[in-house]
Structures are given as structure tokens and as C-alpha cells.
2 protein chains.
Amino acid sequence: MEKNRLRIYPDGIEGFVEKDITILEGLEKLGIKLETLCGGAGWCGQCIVKITGTASDISSNEKNLIPDQMLKEGYRLACQAIIKGNIDIEIPPQTRLYANQILTSGIVLEKAKINPAVKTSRISLPIPNLEDQRADLERLEDIIGSKISVSNLDVLRKIPIILRENNFNIEAVLYENELIDIRKTDNKPLYGIAVDIGTTTIVVYLLDLTKGEVDVASSMNPQAKRGADVISRIDYSSKGGLQELKDLVLSEINLLIEELCSRNGIEPTDIYDITVVGNTTMIHLFLGVPPSYIAVSPYIPAFTRSLLFDAVQLGIQINPKGKCYILPNISGYVGADTIGVVLSTRLYKGDGVKLALDIGTNGEMILKDGEKLFACSTAAGPAFEGANITYGMRGAKGAIDHVNIDNGEINIHVIGDIQPIGICGSGLLDAIAVMIELGILDDTGRIKYPEGKFIKDLVRKGENGLEFVLKANGGEIPINQRDVRELQLAKSAIRAGIEILLEETGREYSDIDTVYLAGAFGTYLDPESAVKIGLLPPLPISRIYSVGNAAGEGAKLALLDKDMRRTAEEVSRKISYIELSSRKDFQEKFMEFMYFEIKR
Amino acid sequence: MEKNRLRIYPDGIEGFVEKDITILEGLEKLGIKLETLCGGAGWCGQCIVKITGTASDISSNEKNLIPDQMLKEGYRLACQAIIKGNIDIEIPPQTRLYANQILTSGIVLEKAKINPAVKTSRISLPIPNLEDQRADLERLEDIIGSKISVSNLDVLRKIPIILRENNFNIEAVLYENELIDIRKTDNKPLYGIAVDIGTTTIVVYLLDLTKGEVDVASSMNPQAKRGADVISRIDYSSKGGLQELKDLVLSEINLLIEELCSRNGIEPTDIYDITVVGNTTMIHLFLGVPPSYIAVSPYIPAFTRSLLFDAVQLGIQINPKGKCYILPNISGYVGADTIGVVLSTRLYKGDGVKLALDIGTNGEMILKDGEKLFACSTAAGPAFEGANITYGMRGAKGAIDHVNIDNGEINIHVIGDIQPIGICGSGLLDAIAVMIELGILDDTGRIKYPEGKFIKDLVRKGENGLEFVLKANGGEIPINQRDVRELQLAKSAIRAGIEILLEETGREYSDIDTVYLAGAFGTYLDPESAVKIGLLPPLPISRIYSVGNAAGEGAKLALLDKDMRRTAEEVSRKISYIELSSRKDFQEKFMEFMYFEIKR
């Protein structure tokens, strides 16, 4: 086969790869993996490189995503350009910097009780004799002292051998009342895995079931190459891609488990239990259950309840006798991840009015008022994740993540303190708040020159009309009218959802005692800005808490404490789901909250 | 490959087969299957044929089993003689006649209630809309009206598709509260399979779960080629043969299921439930669980309880979503087959003292006295099955199965009314009873000339001392001293067991209201002879009932009526198992009942 030489700068790596593969694949073969949001599908623009040599013609994706000038200079998308001869490749620092940060940790509001579903019981059995001829299994049960069941034939097959090899001193592994394994007593800990399957990222936690978290690993969801959001994934699955999507997420999870095992020196067979959260579509895809009817009105999932399966049925590579517990979902668009948030924030507990928000492409929100729980979901669009914003990006190195005014001066923070390459959701939120404060926006969201001419060059006329310019570390990132409109759509969708939930409970926003903000965006945003732009109602900032990856925390809770599974099931049944798409009042509120409230 | 011509007489079939296979295999390739007790292991002598041509040398098995004169005439065992050239084969009528009759039917003492564990529920679901967004599974559950579970992922995967293909009119298949399948409503009946795995024979019943028995199929247990009795099978399994024995019985059961399906025009996927009985070792082997410790003191099985598995785990070829229920065992030597007998005879019910006996190589017996149940097992040896008896055979065509004296004349019945080729258990029992009646036996069991010289030539001096000769249809079958001794050992083992059970309950034999005789031997024996030789206590004949394959009947009951499973489990826990091997009083009684009670 014909081989082509790739030379990579500034690494100085050189090697040969076959023809007709993408530069992205070629780089990977030489050991350089550019992890991108879209997984190589060509829509995120994160794998931009500069090349000299022979590659395929410029694709339409590249035309859309790369400015003309850069195209002329030889910039290409590594996932689009096909190797057709020897190529020298320069990887610009921004491209490497995109390396996605994934939010894995959550705030622990209340420590988990250690009461796992899988437990070991060390047993010393009386040796059988002619006066005591109880069968092995019945002997075991009598010592354990409660009725046990066996539904895995391999466990039954092991019993007589293991008992006698260990002179009737063994360790029984029980899942609730089911005997799922029997092994020699060698003080090996039992492990469990908590999985948070996001549309964009996957986080896998390794826990010692008697102690708590040991380690965490995460990666981009490889399904992204088949679509950025749940709707496009559902479409793909309905067109024959279900098995592929299932296999993609499964093998990624298995890889992460493998990584966690080797990093911590444990065997996959020491893992006996898994809990899984994710949005309803991700859960369907993980199980290989067709999610098709979630995408079309009236948006019906195949199931919402919690589920328990033998891990072996799912193809998860842990102990084949282990179990896999899927936390309950609430509706087609409020999933087990939201239940995870409810668990880890203990939203269901106590008195008062509490609101939990998990904002991504969809915004899921739950309002709790005494015994009542209401949930809804709104399609906020991807603006908060940096998509559809001219210089938008995820919260990674090089992103402007915070902007504020202090003593009349604009402070801009860039992740990694380098020259900015874009702006992420929290930065955009801050920027808009600053624009309001400076009088650069009117209440309809139109950009205008600031009246007091204060710091005049903040606003300039760009290609697409007026733009607000953020300058930092020798670089600048402009925000134009279209970007402001995208944010207006996103924030009013979320805010209108909150208002509908308040209406359902007959509450005023001022009754809300606590707001929990979950997820990456919720963690990094400035609550003050969120209130200022009207994403959140005008509450005292002291009532607003960021709780990090609260969904993942919920999965961990359900792993460490089986009672949390009962809680999740009870809570999920108590939640009233409000379908917004059919409500006129939602449309009205959506229009209303598009505006900003400008204090004059 | 070199081929050799086989010509088969009197069939006139001719064909070519490869060299170095046995004649038995060669015959099978030409479409003639000689089904034998030992499955071709060489110990039953049932495949005797007369050959002319080139075959391997005479084996030691053949020397033991074929009289010298016949060996000289060219008789060989088809399973031992290896084809080494062209051969003409004559299959004598006896060889074909051995074709084993298997007792499949039992006496129905009380009709089964139709209340199967697997049921269908025809459901017309309300069509989802924006006001009713319940998930598919939850919608189904609400209509069914009780909590249902799903543990098979394939069922979950089917739900959204099947519902919409059938416009939300479907049939749910439920195993108790578990949703095990969902299918279109087309009035297909649900079927179940009841299996009785004997050491020697396998019986498989096909039942319509809403009506009852449809058909039955049976065959020899192919494990026989690895040993005639449970002990030799356990030995074989302990030496690495466990998987092979499991596969042998499993594939035979699958063949019988296939036969039943094709004969009745049903699909294996229409079968959703299986119940299984068998002795404890057969159940272990069927499940692939090591039975090793049943064979050695203190005789401990891996389990005795009832078990429920997904059929797919076992490799049973029915609907992969179906279930398999194993009836409970009582001890290493009193198995689920005995529980089957207890169920079908309703032994556990009502007042009074009742005894159930299942006599084969082992004799299992249960005595019921009010609320108390006692069970034991004795190694009777294979005499009642015709083995170890000079002319012994199973109850098949050509076997003397009944002998009696009527008006001073001896009547002999031969199965098939042909010239006798041997004697089966019931015939032997009768013959010994006649010998007692005629004064040919003394109370120690010694054969002597009858005093009154009545029908003088009934007793003659043979090669092995005196023998009693049964003449019928132009043939004769002698019974010698060794045969009588074999029977004495067998009958005293059973009788001593009965006496121990009576002792446990503090009862006299006269307190026994009813005796149930189960199994082939129990079905065909003459109760009067059984009492006369002392196998049974001297009870009025009217209290003794033959109940046929009561074990299989029990499996059918548990299939048709799930409450019978609860009953089986409750009863099995109530039964006190008496281990005879450690009891001195059993040894004493065993000696005592070796004698006959001769009325002088």
C-alpha cells in the first residue's frame, strides 16, 4: 500500500501513514489525538490545522467554518482533509488547547450513607456430616439468616467447588437478597461504577463500595460524530443506527472502566454494581432501546422507570455476575440525570420552595414546593455551550469565561491566561450583563453606542453591524448582534420555564428559597449576571448555589446507598411533568422574557 | 475414503458406509436406529446382530454378554463390532423388539387447576397524546393494573416498535409479575413443557397452558453410555465429563421439544415455560452443577430448593424469553421426581397415613402421617429393572411380565404374545411369589424341589444349580438361585426402608390407609405378589394403587398451576429426610426382611 509521510510541527514527529485517510486519523496513528466536540463529523471546527502538501479539496464544512483568509494560508479541518500525498502539518496552539475539560466533580451537600446494594458476607459454614445433610446452598442460606435467591446459573455451578476448596470458609456476594457470587475470603474490596452519560461527555466514577469514590475518568461521547444533539442522534438511530450508537457509548464506557481499573490496580471482576444516569435519550441508546418516539409529538419514551439488569446482558465489562441499575427518568426530555440532581441536592427533602436547574442544550428544571415537585424542559439551544455564537467555544483553555466591571474598569478572564481564542457560556452571560450595565444594549437587545462615550472603542462597527469588543492578553473577541439574539432566545426559554413552574405551584419568584445550578454552565456562570440578564428571577445572590456535576453525584449516591434508589423511584413518581410545547402561556412568557429589563 | 457395503436382512436395505465405525453407527447411517439401554456403551447386550463379513475381533463385552454358541454362529453386539470390510447384517426380531417402552402416562387423581405462571393479557392501550405522555412501559403497567417488572432487555427493546405496529393493541406475556414478552394479538396459544429426566429415560410433555396436555415424547437418556446409574454418572462428571453429560441430556431434551413442535405444528417460540423433575443427580447434571458430593458420605447436593432460570441461560430451545422452573429436591437421593409424585398423588393432603413408593435402581419412599412427612431412599439395585437377572430385561416386547396360578395352573403372560426372550421386574416378582406358593422356595430363599411333585418339571437342575422354569409360547425362561438372591436383596432394602419410616412415625403397617406405587415397575407389578414376597407389608390389596409416571404428572401440575409450585416448596421443607446409611436399625431390618414368610 502506498504510504505518505506526515511531518508534524512543532512536535517534530514524522511518520508514514496510508493514503485516503483523514489528517485526523493520520495524526492519531502517529500518536497525536485531537479530541474534538463533534468526534470528527466536521461541524465543530476544533481540529483546525495548517498544512503544506497534497490533500483533498476544501469541503463545504471547511468553507463554512474557516475564514477565507485562513483557507488561503493553508488552514484545514483535520477531520475533513484527506491525505493524498506527503503533508507537513502545523498544529496551532488553539487546536491543542481545545482539549476538552469535562466537569466531573459535584458539590457534596450531604455525605452519602454507606449502604450499598452489593455486600459481602464472610461465612464460616458448619462442615456437613450424616446428622447434618443440608445442601450447600441451603446451608449458606441458614447461616446468612434470610431467604436468598440465585438466578445466575454460573454462581450455582461454583458453589460446591468453592466451598470445599476453602474448607467451607467463604465470602458470599449478595445483591440485596440475591446471591450473585461466592468467592474465597481474601479481603478484596467490592467496587462499583457510577456512570453519567451526557450528550456531549461521559463521566465514569470508580467507587469502593464500602468507602466511596476512588477515581474518575471521562471522555467525549463518541456518538457525537453521528449528531451533536439528542434529536439528531434519535434520527440516526431511527435510520438503522441504533446498534451503532449503543455500541459506541458502550465501548467508550468499557474503555473508561478499563482505564480506571488499570490505573488503580483492580480487576474488572472486582466490580459488581453499576448505576447509570443520563438524559432519557442517552439512557435509551445505552440500552439499545429505540428512542424514536421521544423525538416526535407527543414525545413518548419506551420507559421512564428505574431498571435493573444483569451487567452481562448489557455488555458492560465488569464481573459478569454484576448488576446494572438505571435511575428513573421522568419524561422524554427530563431524564435520569435530573433525578441525579434531585438526589444529590436533596431537593425532595425539607420545607420551602427550591429550584434546580441543569442548563445545556436543553434546560431541565425542577421546582419543589413542600411535597409537590414540578419539572419541565425547554429547548434552550446550544448558545450556553458556546455553539452558534460567532466566537463561541466550550469552557476550555483560551476561552473568556468571566467579564465584569470593577471600579469602572472592565476585567476579562481567559482560561489559562493566554490570548483569548473564543468565549464560553459563562463569559457570554457576563459580557451581556456588562453590555446592559454600560447601556450598550437597549431593552429589546439591540446593540447601540454607549451614551457616555465611556471607553468608546468597546463598541465598533464590524462586518455584521455593531459589535462589543472584549480585549484581553493582546487579543480581542467581538460579540455581535446575532450573538446577543442567540443568548436572548436561550435565556428566555429557561426563564419562561421557571415562570411556568412557579405558576403551577401558585408561587412568586420571591418565594424561592434556594436555586441549585447544575452542570458545567451552571457551575461556571456568575449568578449576578444570570439575574441581571433575566435568565434567573431577581433573587438575592445568596440563594443561588452552583452544585457542579450534580447528576454524577446522584449516580454515586445511588451506588453507595441502596435506599437512595428507593428514594429516586418514589421521587420520580411524585414529580409532575409539565409539557411546555402545548402551552400557550409558555409561548407568551417566552416572548415576554426575550426582553431585557434595563434600569435607567 | 474407503467405503464398505452393508446389506441388511430381512430389510433388504443396502448401502455404503466408511470403515472403522461400529456396525451400530453404520446401521444408523442407513436409517436403522437400534435404541438401546446403554446408548452403545456395550453393557446392555440389546443390540445383538448376526453378521457375515469383516469386522473387528470379538471384544470382552461381547464374550461376557453373548453365549459361546451364538458367538460361533456370528452373533455380535452392533455397538462393539467395528466395520472392517463389507458385511451382511441380520437383525434378529428380539433385537428390534427391545425398542424400549417408556412409561409416560400417569394416573390423574385430581384434575389440575388451570392457573399457569405464564399468562397472556390482551391489552388495548389508550393512544398517547400531549395530555397523556406516559411512557410505553408505564402505560402498559397502568392498564395491567399491577406492578410489573422487566428483566430481559430484548423485551424492553421490542416494546415501542410492537406497540406502534399494532396501533397499541397487543398481548402482554407475563410470568407472574414479570413482563417476559409482548406480541401481536393473534390468538396463538401459549405452550409449556414438562420434563421428567430419569436416569434411564427422558419424558417430555407438551402442554397448552390454558388447556392441558397436548402430546408427549420420550427417549432413552443418552447419558447412559457414560454409566448405567447415578453413581457412575457422578464419577464420570467428576472426571471432567460434567459438561458432556449436561450437553447430552440438554440436546436430547431439545430434540424431543423439536419433535413435539413439528408434530403439533407449533413454533418453539410459542413455548414460554418449562418445569423439570428428576432425581437430584439428574437435576444437577441438567443444570451443569457438579453433583460430586452426592456420591460420597455425607452425600451433600449443591442445592435442594426449587430454582427459576431464564430458559436462555440453560440452552433450552424454547422462546428465549421463557422461564424454566426446577421443582425442589429433598436430599441427595430423594429428588424433584419424588416431589412430583407427592404433588400428583396429593400425598400432602388430607388425614390418615399414606405411603408413596417410586421403585427403580433406587427406591424412594415417602410416608405421610397427618402433618408429618418422612422420606428415605434405599439402593435397591437394578433387579426390578431386569438387570443382574440371568434373563432379565426391561418391560418390553418379549418379556414375561406376569405369572400367576389359577386353578392349579400356571399362567404366563409375555408382552406382545410372542416367544419369551426374558423376564422383566413385574414378571420376576410374580415368579418368586409363585415359587413361594408352590413351595419351591424355603424361607431363606433356597430353591428346592416341590414336595407334592406338582408339575414336576417346573424345577430342574441347570448349570448353576436348581432353576425354576417358566414355559410359554414355545419358549422357556429359567430363574436360578442367583436371580432369587438378587430379588431378595432388592425387596428387603425397600421393605426395610418402609419399616424405618413407620418406626419414625410410631405407626404399624396396618395403619397405612393408602400405598401409591409410582414408576414403570410400580405400574406393572401385581400388588398381591408384592405383598406375598414381602416387598410390601401385608396390607389389603384394595389399599394399593398404581399411579404410573406420577413424577411426570407432578411436573405437569406445576406447569399448569403455579400454586402447585408454592405447594411443592412448602411440602419439600416439611419433609424430614431419614438417612438410612448411618442407621443400625436399618441394617437389622434389611437382614430380617431378606427372608420370606412362608405359610406352611
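Some thoughts on the overall build of chain A
And step 1. Looking only at helices and strands, chain A features 17 helices and 26 strands.
And step 2. Since a compact globule built from 600 residues should have a radius of gyration of about 25 Å, the 27 Å found for chain A is in line with a globular shape.
And step 3. Over its C-alpha atoms, taken along the principal directions, chain A stretches across nearly 100 × 70 × 45 Å.
And step 4. The buried share of chain A, reckoned over its 600 residues, is 52%.
And step 5. The long-range share in chain A, meaning contacts at least 24 apart out of those at least 6 apart in sequence, stands at 69%.

Things to note about the relation of the copies chain B and chain A
And step 1. Least-squares fitting of chain B to chain A yields an RMSD of 0.2 Å, with the superposition described by an axial translation of 0.1 Å and a rotation of 180 degrees. Classification of the inter-copy transformation places it as that of a two-fold axis.
And step 2. Of the residues that chain B buries at the interface, 100% are likewise interface residues in chain A, meaning the two copies contact each other through the same surface.

Comments concerning the domain arrangement of chain A
By a widely used convention, the size of an interface equals the accessible area lost when the partners come together.
Residue and element names in this part refer to chain A.
And step 1. Segmenting chain A into domains produces domain 1 (3-97), domain 2 (118-184), domain 3 (191-326), domain 4 (350-379 + 486-592) and domain 5 (383-481).
And step 2. Taken together, the 16 residues of domain 4 in the interface contact 17 residues of domain 5.
And step 3. Within the residue set of the side of domain 4 that touches domain 5, elements represented by two or more residues are α12 (481-505), α13 (519-524) and α14 (527-533).
And step 4. In terms of residue class, the side of domain 4 that touches domain 5 is made up of 9 nonpolar, 4 polar and 3 charged.

What about helix α11 (residues 425-437) of chain A?
Residue and element names in this part refer to chain A.
And step 1. With 13 residues, α11 should reach 18 Å at 1.5 Å per residue; the first-to-last C-alpha distance of 18 Å fits that figure.
And step 2. Taking burial as the measure, the 13 residues of α11 include 12 buried ones, the bulk of the element.
And step 3. Within α11 the residues assigned to the buried category are G425, S426, G427, L428, L429, D430, A431, I432, A433, V434, M435 and I436.
And step 4. Looking one or two residues past α11, G439 carries a phi angle of roughly 75 degrees, positive in sign.

Section: the confidence of the model for chain A
And step 1. For chain A, per-residue confidence averages 91 on the pLDDT scale, and 97% of positions sit at 70 or higher.
And step 2. If you check the scores for this complex, the pTM reads 0.86 and the ipTM reads 0.86.

Here we look at the packing of helix α7 (residues 230-264) of chain B against helix α8 (residues 280-287) of chain B
All names here are of chain B.
And step 1. With their axes 8 Å apart at the nearest point, α7 and α8 run at an angle of 40 degrees to one another. In this view, α7 runs oblique relative to α8, as classed from their interaxial angle. Crossing handedness for the pair α7 and α8: right-handed. Only T281, L285 and F286 of α8 make contact with α7, whose side of the interface consists of V230, R233, I234, S237, L245, K246 and V249.
And step 2. Of the residues in the contact of α7 with α8, the class split is 6 nonpolar, 2 polar and 2 charged.

With respect to the interface of chain B and chain A
And step 1. Listed as interface residues are 39 residues of chain B and, on the opposing side, 39 residues of chain A.
And step 2. When residues of the side of chain B that touches chain A are traced back to their parent elements, those giving at least two are α5 (136-144), α6 (153-165), β13 (307-310) and α9 (311-314) of chain B.
And step 3. With 6 residues, the single largest contributor to the side of chain B that touches chain A is α6 of chain B.
And step 4. When grouped by side-chain class, the residues that make up the side of chain B that touches chain A number 24 nonpolar, 10 polar and 5 charged.

Remarks on the pairing of strand β22 (residues 465-472) of chain A
Residue and element names in this part refer to chain A.
And step 1. As judged from the 4 bridges shared by strand β21 (residues 459-462) and β22, these two strands associate in the antiparallel manner. Across the sheet, V459 pairs through a bridge with F468, a residue of β22.
And step 2. The hairpin turn running from β21 into β22, its antiparallel successor, is 2 residues long.
And step 3. Bridging between β22 and strand β23 (residues 475-480) involves 6 bridges; their strand directions are antiparallel. Across the sheet, residue L470 finds its bridge partner in β23, namely I477.

Here we look at the sheet that holds strand β18 (residues 399-406) of chain B
Residue and element names in this part refer to chain B.
And step 1. The mixed open sheet is built from 3 strands, whose spatial order is β19-β18-β20. Taken across any chain shown, the strands that pair with only one partner, and hence form the sheet edges, are β19 (409-414) and β20 (422-423).
And step 2. Here β18 runs beside β19; their pairing, made up of 6 bridges, is antiparallel. Bridge pairing links I405 to I410 in β19.

Concerning the environment of I500 of chain B
Residues and elements named next belong to chain B.
And step 1. Structurally, I500 can be placed in helix α12 (residues 481-505).
And step 2. Judged by local crowding, I500 falls into the buried class, with 21 C-beta atoms found within 10 Å.
And step 3. The residues contacting I500, other than those within four sequence positions of it, are C376, I578, L580, R583, D585, F586 and K589.

Things to note about unusual backbone geometry
Residue and element names in this part refer to chain A.
And step 1. Cis peptide bonds are those with omega within 30 degrees of zero, and the linkage from S297 to P298 qualifies with 5 degrees.
And step 2. Considering the arrangement of structural elements, one finds P298 in the loop between α8 (280-287) and β13 (307-310).
And step 3. The phi dihedral of E176 falls on the positive side, at around 50 degrees, and the residue is not glycine.
And step 4. In this structure, E176 sits in the loop between β7 (169-175) and β8 (178-184).
And step 5. By C-beta crowding, E176 is classed as partly exposed, having 14 other C-beta atoms within 10 Å.

A look at the packing of helix α10 (residues 336-344) of chain A against helix α16 (residues 563-574) of chain A
All names here are of chain A.
And step 1. Where α10 contacts α16, the axes come no closer than 10 Å and their chain directions differ by 115 degrees. Our classification of the angle between α10 and α16 gives roughly perpendicular. Of the two possible hands of crossing, α10 and α16 adopt the one that is right-handed. When α10 is examined against α16, the residues I339, V342 and L343 are found in contact with a partner set consisting of M564, T567, A568, V571 and S572.
And step 2. Of the residues in the contact of α10 with α16, the class split is 6 nonpolar, 2 polar and no charged.

Remarks on the sheet that holds strand β24 (residues 512-518) of chain B
All names here are of chain B.
And step 1. The strand order β25-β24-β15-β16-β17-β26 describes an open sheet built from 6 strands, whose pairing is mixed. Either end of the sheet is taken by a strand with one partner, and the two such strands are β25 (544-548) and β26 (575-577). Strand-to-strand twist across the sheet, computed as the mean angle between neighbouring axes with direction ignored, equals 20 degrees.
And step 2. Here strand β15 (residues 353-359) pairs with β24 via 6 bridges, running parallel. Within β24, the position partnered with L355 by the bridge is V515.
And step 3. The strands touched by α12 within the sheet are β15, β16 (362-369) and β17 (372-379), with β17 carrying the most contacts at an inclination of about 155 degrees.

Considering the environment of R76 of chain B
Residue and element names in this part refer to chain B.
And step 1. One can find R76 in strand β4 (residues 75-77).
And step 2. The exposure class assigned to R76 is buried, which follows from the 24 C-beta atoms found within 10 Å.
And step 3. Taking the C-alpha atoms as reference points, R76 and I575, 499 residues apart in sequence, are found 49 Å from one another.
And step 4. Filtering out sequence-adjacent residues up to four positions away, R76 remains in contact with V49, I51, A55, E62 and A81.

Quick look at helix α17 (residues 584-592) of chain A
Residues and elements named next belong to chain A.
And step 1. Residues F586, K589 and F590 constitute the buried set of α17. On an axial view of α17, the arc spanned by its buried residues comes to 105 degrees, and they lie on one face. Projecting away from the buried face of α17 at angles above 90 degrees are the exposed residues K584, D585, E588 and M591.
And step 2. Buried-residue contacts for α17 involve α12.

Focus: the environment of Q133 of chain A
And step 1. Residue position: Q133 of chain A is located in the loop between β6 (118-124) and α5 (136-144).
And step 2. Residue Q133 of chain A is classed as buried on the basis of its 21 C-beta neighbours within 10 Å.
And step 3. Sequence-wise, Q133 of chain A and C47 of chain A are 86 residues apart; in three dimensions their C-alpha atoms are separated by 69 Å.
And step 4. Other than its neighbours up to four places away in sequence, Q133 of chain A contacts P128 of chain A together with P298, Y299, I300, S331, Y577 and E579 of chain B.

So, how was this worked out
- Residues numbered from 1 in each chain as written.
- Chains lettered and ligands numbered in written order.
- Predicted model: local features only at pLDDT ≥ 70, side-chain atom pairs only at ≥ 80, totals over all residues.
- Helix = DSSP H or I, 4+ residues; strand = E, 2+ residues; numbered from the N terminus.
- Rg over C-alpha atoms; globule rule 2.2 N^0.38 Å.
- Buried ≥ 20, exposed ≤ 12 C-beta atoms within 10 Å, placed from the backbone.
- Contact = placed C-beta atoms within 7 Å.
- Least-squares fit on C-alpha atoms with pLDDT ≥ 70 in both.
- Domains from an automatic or database assignment.
- Nonpolar A, V, L, I, M, F, W, Y, C, P; charged D, E, K, R; others polar.
- Expected span 1.5 Å × (residues − 1).
- pLDDT = per-residue confidence, 0-100.
- Axes fitted to C-alpha atoms, helices over the stretch in contact; angles between N-to-C directions.
- Parallel < 35°, antiparallel > 145°, perpendicular 65-115°, else oblique.
- Left-handed = near helix turned anticlockwise from the far one by under 90°.
- Pairing = 2+ DSSP bridges.
- Arc of directions from axis to C-beta.

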